[in-house]
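Chain and residue survey
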Amino acid sequence: MAYVAFIGLGNMGGPMAANLVKAGHSVSGFDLSEASLAAAAQTGVKTFATLTEAVSGAQTVITMLPKGEHVVAVWEKLAGLVPAGTLQIDCSTVDVESARRVHGIARAAGCPSLDAPVSGGTGGAAAGTLTFMAGGSPEAFADARPFLEVMGKKIVHCGADGAGQAAKICNNMILGISMIAVSEAFALGERLGLSHQALFDVASASSGQCWSLTSYCPVPGPVPSSPANNAYKPGFAVALMLKDLLLSQDVAEACGATTPLGAAAARLYEAFAKEGNGDRDFSAIIDMLRG
Ligand code: NAD
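Residues numbered from 1 in each chain as written. Predicted model: local features only at pLDDT ≥ 70, side-chain atom pairs only at ≥ 80, totals over all residues.

The condition is simple: UniProt positions are given in the numbering used here, feature names are shortened, and annotations may be inferred rather than shown by experiment.
The name an unreviewed UniProt entry assigns to the protein chain is 3-hydroxyisobutyrate dehydrogenase, from the organism Shinella granuli. The Catalytic activity (unreviewed entry) field of the UniProt record for the protein chain holds the comment "3-hydroxy-2-methylpropanoate + NAD(+) = 2-methyl-3-oxopropanoate + NADH + H(+)". The annotation that UniProt attaches to the protein chain under Sequence similarities (unreviewed entry) is "Belongs to the HIBADH-related family."

Focus on the site of the ligand
Where we set the bar: By convention here, the C-beta atom is placed from the backbone, and a residue is near a molecule or strand when that atom is within 6 Å of it. Going along the chain from the N terminus, every DSSP run of H or I of four or more residues is numbered as a helix, and every run of E of two or more is numbered as a strand. Note that Gly is not counted as nonpolar here; it falls among the polar residues with everything else outside the nonpolar set of Ala, Val, Leu, Ile, Met, Phe, Trp, Tyr, Cys and Pro and the charged set of Asp, Glu, Lys and Arg.
As a structural note, the neighbourhood of the ligand is formed by 25 residues, with G8, G10, N11, M12 and T93 the closest of them. Elements with a contribution of two residues or more to the shell around the ligand: helix 4 (68-79) and helix 6 (121-127). Looking at the shell around the ligand, the element that brings in the most residues is helix 4, giving three residues. Looking at side-chain class alone, the shell around the ligand contains 13 nonpolar, 11 polar and one charged residues.

Describing the UniProt feature "domain: 3-hydroxyisobutyrate dehydrogenase-like NAD-binding" (unreviewed entry) in the protein chain
On the UniProt side, "domain: 3-hydroxyisobutyrate dehydrogenase-like NAD-binding" (unreviewed entry) is annotated at positions that read residues 162-288 here. The distance from the first to the last C-alpha atom of residues 162-288 is 34 Å, and the span holds 64% helix and 0% strand.

A few points about unusual backbone geometry
Cis geometry marks the peptide bond from P234 to G235, where omega comes out at 10 degrees. Secondary-structure assignment places G235 in the loop between helix 10 (211-214) and helix 11 (238-255). Residues other than glycine seldom take positive phi values, yet A231 does so here, at roughly 55 degrees. Secondary-structure assignment places A231 in the loop between helix 10 and helix 11. Phi is positive for Y232, which is not a glycine, with a value near 60 degrees.

Looking at the packing of helix 1 (residues 13-22) against helix 7 (residues 138-151)
Keep this limit in mind: Helix axes are fitted only over the stretch in contact, all axes being lines through C-alpha atoms; the angle between N-to-C directions runs from 0 to 180 degrees. Put simply, angles under 35 degrees are roughly parallel, angles over 145 are roughly antiparallel, angles from 65 to 115 are roughly perpendicular, and the rest are oblique. Whether two residues are in contact depends on their C-beta atoms, placed from the backbone: they are in contact if these lie within 7 Å.
Two elements in contact, helix 1 and helix 7, have axes separated by 8 Å at closest approach and are oriented at 110 degrees. Relative to helix 7, the element helix 1 is oriented roughly perpendicular. Here M16, N19 and L20 of helix 1 come into contact with helix 7, specifically with F147, V150 and M151. Considered class by class, the residues forming the contact of helix 1 with helix 7 number five nonpolar, one polar and no charged.

Shown next, in the form of C-alpha cells:
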C-alpha cells in the first residue's frame, strides 16, 4: 500500500484514482471542481480543499489535467510542497516542451518524474485497461510501473523526458485522421444506398479495419458501445481532439516534419468546433462530413 496524491479528478482522473483505491492504495485527491471532488469521494478517494493538504505525506503524486499550462502551474507549486524523492507522474496530454519543462522542475527539486500520457478513453480509465506511453529515466519508469499497471494494461517506456508525449501526439494524429477516413466512407456508403451494418461487416474484416471503425464506429448500430449510440456524448470530446491535432501541428512545424493529412484533420476539427460542437464526441464529425 502506498500513499498517492491524485490531482485532476475529471473524466479520466476520477476513474483512474478509483482504480488505485481498489488496488488498496491510500489515495488523496484535489480538483478545482466541486463536482469532480464529490464524485471522487464516492469512490473512496480522500478529497481535500487545497493542493497543499492533498499532497501532504504522499510518496507519489499523479496529475491528470487539461493542458500544459495547468501541469506547469501545478508542478511549480509541487516543487515547494513535496520532499525530495517524491515520485511525480503526469498522465495529461500536453505539448512536448511543457513535458520537458516539468521534468526539469522536478529534477531541480530532487524528485524522479515521468510523463505518462494515456490512450483508451474514459472506458479504458474505468476498466483499468489504458495504454500508458512513458518518458523519463529507467529508474522513474521502474518506480512508476506498479501504479501504471493498476490503471492500465499496456505500459510502454518510449524513451527520455517527453518521449511519452511525443508518442501520444503521433498516436492521436493517426486517430484524428482515421476517424475522418471512416466517417467519409460511411457518408459515401449512405449516398450509395449501403447499410451501415453491411459496410461495417466488410471493412472490419478487410483492409479498411482500424480502431475508429471497430471500437468507435461513428454511426449507431455496429458497435453498441460507441458514442454514436449515445447521441455523441463524449467519450473523447471534439475540443480535446482538436487540442491534440494542434499539438501535432505545432511540433511538426518546429521539427520540420511534413504532415499534410494531420494538417487537414486539424482544419476539419477546427471548423467543426467553431460550429459549436466542441463538447460532442469527436466521432460526431461525420455530421459535418455528410454535408
Ligand atoms: P476533464 O476536463 O474531465 O478533467 C480535468 C480536471 O482537471 C477537471 O476536473 C478540472 O477541474 C481539473 N483541474 C484543472 N486545473 C486544475 C488545477 N490547477 N488543480 C486541480 N485540478 C484542476 O479532462 P479529462 O477528459 O479527464 O482529460 C484530462 C487529460 O487527459 C487531458 O490532457 C486529455 O487530453 C487527456 N486524455 C483524455 C482522454 C478522454 O477520453 N477524455 C483520453 C486520453 C487522454
